[in-house]
Amino acid sequence: MQSIELCIVGAGPAGISAAIYAARANVGCLLLGGTPKFAADYEIDNYFGFPETISGRELRERGLAQALRFGAQRLDELAVGLHAGENGGFTIITPSRRIGSCTLILATGVARSRPNVPGLAAFEGKGVSWCVTCDGFFMRGKPVAVLGEGNYAANQALELLTYTPAVTLLLNGKTPSMDEAYRARLGEAGIAIRPEPVAGLEGEAGLSRAVLQGGTPLDIHGLFVAVGEASSGDFAQALGLERSGSFIAVDKEQATNVPGAFAAGDCTGGFLQISKAVGEGAVAARSAIAYVKKRCREAGGETAAQNP
Ligand SMILES: Cc1cc2nc3c(=O)[nH]c(=O)nc-3n(C[C@H](O)[C@H](O)[C@H](O)COP(=O)(O)OP(=O)(O)OC[C@H]3O[C@@H](n4cnc5c(N)ncnc54)[C@H](O)[C@@H]3O)c2cc1C
């Protein structure tokens, strides 16, 4: 397992800003995440220091180059799983590796939208869950399904095998976007993939089946939603972070309620703008730097999380 003092999840303005501060302070830092939204070709006219309009793409490339110049490491992959260790520290799972980090900054932008599955809301807390780490235990030995099409969903399905052998992946009519390696691991684990859209969910006191388009019933007691990429909301649930609505709750130092976990940018809500994200990234980095010096180095090294 790769080990690092600080892992920053999300390479948008907040994450890049945090990486610049952390790397300049000589904290070993890994910046994780794909192409940010703001890197699209739209024009930024309201960011300090650019009297001429600058494209989001150029602003991002400049920021990334700056972070790399100071020694930040970069991994162009999304996190598909995140766990807190029993003795502190975190484990971050990407399609290619596991990363143990002493401290963490979440900077994953705004949470994604909900899938349009009839009955989803009615069964939330009664079988529908957004978090395998939180609710997988309650499904011990029961048939369950994961709703999603990408690496995140595949990883959730594989994690569910800890609790039950009866796991199905529901693509809900979407084209699978998971890596070949994940697809192979699903096959080896005997996880069936159903391509049909989910027409509805049924049950009395709790969820007992999903009905697929065409009328095929699938007996399941749990449905774990993992559509698209893992969002800040998914990570918040997995780590037990307090939330304010759909955003991660933080204090003035960008600290969450979990020691060593900080958050910055759009995922914390408020004014959803680059200037605010960059500012919060800097503050989160300052807090993470202090945490590394106090809690990680004084403890005699990085407190990498135990493998879940
Ligand atoms: C069309 C549009 C126009 C805009 N115009 C402006 C403007 O002119 N001026 C302005 O100030 N703001 C503008 N904004 C808002 C601005 O883009 C955001 O406020 C800003 O990008 C927030 O930065 P962030 O770093 O918090 O999140 P983001 O920029 O959203 O970056 C988050 C990053 O995290 C990554 N991520 C998500 N999940 C994971 C995961 N599981 N693992 C790893 N990485 C992950 C994402 O891929 C992304 O790279 C605009 C937004 C949009 C949509």
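Computed from a predicted model, the values in this text were never measured in an experiment.

1. Here's the deal with the packing of helix α1 (residues 13-24) against helix α7 (residues 274-297)
Here is step 1: Packing of α1 against α7 brings their axes to within 7 Å, and their N-to-C directions diverge by 40°. On the basis of the axis angle, α1 is oblique to α7. For the pair α1 and α7, the crossing hand works out as right-handed. Contact residues: P13, A14, G15, S17, A18, Y21 and A22 in α1; I274, A277, V278, E280, G281, A282, A284, A285, R286, A288 and I289 in α7.
Here is step 2: Class assignment of the residues belonging to the contact of α1 with α7 gives a composition of 13 nonpolar, three polar and two charged.

2. Observations regarding the domain arrangement of the protein chain
By a widely used convention, the size of an interface equals the accessible area lost when the partners come together.
Here is step 1: Its domain assignment divides the protein chain into domain 1 (2-112 + 231-297) and domain 2 (121-225).
Here is step 2: Taking the mean C-alpha position of each, domain 1 and domain 2 sit 29 Å from one another.
Here is step 3: Counting from both sides, the interface comprises 10 residues of domain 1 and, opposite them, 11 residues of domain 2.
Here is step 4: Those elements that place two or more of their residues in the side of domain 1 that touches domain 2 are β6 (81-84) and α6 (232-239).
Here is step 5: Top contributing element to the side of domain 1 that touches domain 2 by residue count: α6, with four residues.
Here is step 6: Taken together, the residues that form the side of domain 1 that touches domain 2 break down as five nonpolar, four polar and one charged.

3. With respect to the site of the ligand
Here is step 1: Inspection of the region around the ligand gives 32 residues, with G10, G12, G33, G109 and G265 positioned closest.
Here is step 2: Grouping the amino acids of the shell around the ligand by side-chain chemistry returns 17 nonpolar, 12 polar and three charged.

Conventions and cut-offs
Residues numbered from 1 in each chain as written. Predicted model: local features only at pLDDT ≥ 70, side-chain atom pairs only at ≥ 80, totals over all residues. Axes fitted to C-alpha atoms, helices over the stretch in contact; angles between N-to-C directions. Helix = DSSP H or I, 4+ residues; strand = E, 2+ residues; numbered from the N terminus. Parallel < 35°, antiparallel > 145°, perpendicular 65-115°, else oblique. Left-handed = near helix turned anticlockwise from the far one by under 90°. Contact = placed C-beta atoms within 7 Å. Nonpolar A, V, L, I, M, F, W, Y, C, P; charged D, E, K, R; others polar. Domains from an automatic or database assignment. Near = placed C-beta within 6 Å.

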